[in-house]
Amino acid sequence: LYTPYSEDDDIVKFAKRANEIAGNHVYDGFLRADGIKIILDLPYHLWMHEPYDNNGVPDTGHPLEDMDEVRRQIFEADINGLMVNVLTMGDRAVTEALNVLEEVAVLNPPRTRRHTVEHAEWIRESDLSRFSELGVVVVMNYMASYPSDFIPFLEQVFGKERLNNRYQRLKDIVDSGAIVVQGSDFPLAHRDPMLGLHVMVNGTDLEGNPEGGLWPHKNISIEEALKTFTVNVAHAANESKRFGQLKEGYAADFVILSQDILDPSFDPLQLIKVKANLTVFNGHVVYEDFSDTEKLLDYGL
């Protein structure tokens, strides 16, 4: 994590440490440390193109640091072989992150890049196609679509129209052809991937409210949602030849679920109740429960 409190030479130190870990082969196939997170803006200072209501004052937010400094950080991380994760909250932050990553790909030597933009709940229409064009991965957080007391607050700050049309553009970005990865944002939200599938596909709380989902025009299919936890994650980690699929020669990492969630007759509202009966990691059974006991839905949401 690179912050305003980091030292100028920390990025070079991070890259050196990543190479040391890769070179000792102790963690082959289990651990890499070649990524760096750079924060562009923060939740209470979202950097937006258009003003929003910041406690009664029209505001467009701002970046955490001067953009010349952010650009220097990203360029240095990239040229030292690190994968860059840029945390963005507002749509202006997304635009500027894409601008820098586009510059990096042109000006730095060519290599395999899996840079990511984190959160990206607000994305301008003109930026939707840029992710796939630039090969930048989108890391979103399904809990942004969970109906809660947080939504009325967002409506007050950003207005209902902007919230409905531009917040959590999951379906739009999936339809654009971009590689989308989902994260729980744990420990801020529960890490159960079935909860993630439920929210992305249904857009409801655990009881199925509101009927039809909070943003029904933004729900995606179960198969699309499943890819954000599997093949897309493998792509983002540059491990597509070892992970993300059930395939000969790939790591034996998989679960057996209590129901076939890809069966056309499966009710998506039951996703949250689906249990993992068996978990296999690296070919070893690490969890097993084929009992009839119902899944405990205790997420504190």
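Okay, so let's go over this structure.

Scoring rules and cut-offs
- All residue numbers here refer to positions counted from 1 along the written sequence of the relevant chain.
- For this predicted model, a pLDDT threshold of at least 70 governs which residues receive local features, and a threshold of 80 or more governs which side-chain atom pairs are given and counted, while totals over whole chains, interfaces and linings are taken from all residues.
- The side-chain values count all of the structure's non-hydrogen atoms but skip hydrogen atoms and water molecules.
- Helical segments are the DSSP runs of H or I of at least four residues, strand segments are the runs of E of at least two, and each set is numbered from the N terminus.
- A radius of gyration in this sense is built from C-alpha atoms; the matching globule rule multiplies 2.2 Å by the number of residues raised to 0.38.
- Three exposure classes are used, based on accessible area relative to the maximum for each residue type with a 1.4 Å probe and protein chains only: buried under 20%, partly exposed in between, and exposed over 50%.
- By definition, residues are in contact when any of their heavy atoms lie within 4.5 Å.
- Computed with a 1.4 Å probe, the accessible areas rest on the Shrake-Rupley method; for each residue, only the protein chains presented here act as cover.
- Every case where a carboxyl oxygen of Asp or Glu lies within 4 Å of a side-chain nitrogen of Lys or Arg is listed as a salt bridge.
- Here a helix's expected span is defined as the number of its residues, less one, multiplied by 1.5 Å.
- Think of the arc as the fan of directions from the helix axis to the C-beta atoms.
- Only strands joined by at least two bridges in the DSSP assignment are considered to pair.
- Axes here mean lines fitted to C-alpha atoms, for a helix over just the part in contact, with angles spanning 0 to 180 degrees between N-to-C directions.
- For this analysis, a polar contact is any N or O atom pair within 3.5 Å, provided that within protein one partner can donate a hydrogen and the other can accept it, and provided that sequence-adjacent residues contribute only side-chain to side-chain pairs.

## A word on the overall build of the protein chain
- Across its full length, the protein chain holds ten helices and ten strands.
- Computed over C-alpha atoms, the radius of gyration of the protein chain comes to 20 Å, within 12% of the 19 Å expected from 2.2 N^0.38 for 301 residues, which places it in the range of a compact globule.
- A principal-axis box enclosing the C-alpha atoms of the protein chain has dimensions of 55 × 55 × 30 Å.
- Across the 301 residues of the protein chain, 44% fall into the buried class.
- Restricting to contacts in the protein chain with at least 6 residues of sequence separation, those with at least 24 account for 67%.
- Put simply, the protein chain shows about 15800 Å² of open surface, and 53% of that area lies on carbon and sulfur atoms.

## Details of the pattern of salt bridges
- Scanning the model with the defined rule gives 21 salt bridges in all.
- Across the salt bridge formed by R72 and E76, the nearest N and O atoms sit 2.7 Å from each other. Within this pair, R72 and its partner E76 are both found in helix α2 (residues 67-79), separated by four residues, close to a single helical turn.
- Assessed through its relative accessible area of 28%, R72 is described here as partly exposed.
- With a closest N to O distance of 2.9 Å, R169 and D172 form a salt bridge.
- On the basis of relative accessible area, R169 is assigned to the buried category, the value being 5%.
- Each of the salt bridges in this network shares a partner with another, and the network as a whole consists of D8, E69, R72 and E76.

## As for helix α1 (residues 10-24)
- If you check α1, its first and last C-alpha atoms are 21 Å apart, about what 15 residues at 1.5 Å a residue would give, namely 21 Å.
- Along α1, the residues that are buried comprise D10, I11, A15, A18 and I21. End-on, the buried residues of α1 take up no more than an arc of 145 degrees, which puts them together on one face. Turned more than 90 degrees away from the buried face of α1, the exposed residues are K16 and N19.
- Where the residues of α1 are buried, they touch β1 (35-39) and α2.

## Section: the side chain of T228
- Within the secondary structure layout, T228 lies in the loop between α9 (222-227) and α10 (231-236).
- Discounting residues that sit within four places of it in the chain, T228 has contacts with V180, V181, Q182, M200 and V233.

## Section: the pairing of strand β9 (residues 276-281)
- Alignment of strand β8 (residues 254-257) against β9, held across four bridges, turns out to be antiparallel. Bridge pairing links I256 to L278 in β9.
- Examined bridge by bridge, β9 and strand β10 (residues 284-288) share four bridges and lie antiparallel to one another. Across the sheet, V280 pairs through a bridge with V285, a residue of β10.
- In this antiparallel pair of consecutive strands, β9 and β10, the connection spans two residues, and N282 shows a positive phi of 55 degrees.

## Some remarks on unusual backbone geometry
- The peptide bond linking F186 to P187 adopts the cis configuration, its omega dihedral lying at 10 degrees.
- Within the secondary structure layout, P187 lies in the loop between β7 (180-183) and α8 (193-202).
- Look at the link from N209 to P210: it is a cis peptide, with omega at -5 degrees.
- In this structure, A120 is a non-glycine residue whose phi angle is positive, near 45 degrees.
- A relative accessible area of 0% places A120 in the buried class.

## Quick word on the sheet that holds strand β4 (residues 83-88)
- Taken together, the five strands give an open sheet; going across it, the order is β1-β4-β5-β6-β7, and neighbouring strands pair in parallel fashion. In this open sheet, the two edge strands, each paired with only one partner strand, are β1 and β7. Put simply, the sheet's adjacent strands are angled 25 degrees from each other on average, direction ignored.
- Strand direction decides the pairing type here: strand β6 (residues 137-141) and β7, joined by four bridges, are parallel. Bridge pairing in β7 places N141 opposite G183.
- Strands in contact with helix α3 (residues 91-107) are β4 and β5 (116-119); relative to β4, the strand with the most contacts, it is inclined by about 160 degrees.

## Considerations on the side chain of K275
- Assignment of secondary structure puts K275 in the loop between β8 and β9.
- At 3.3 Å, the side chain of K275 and the backbone oxygen of S291 are in polar contact.
- When neighbours within four sequence positions are excluded, K275 is seen to be in contact with I256, L257, S258, D289, S291, T293, E294 and K295.

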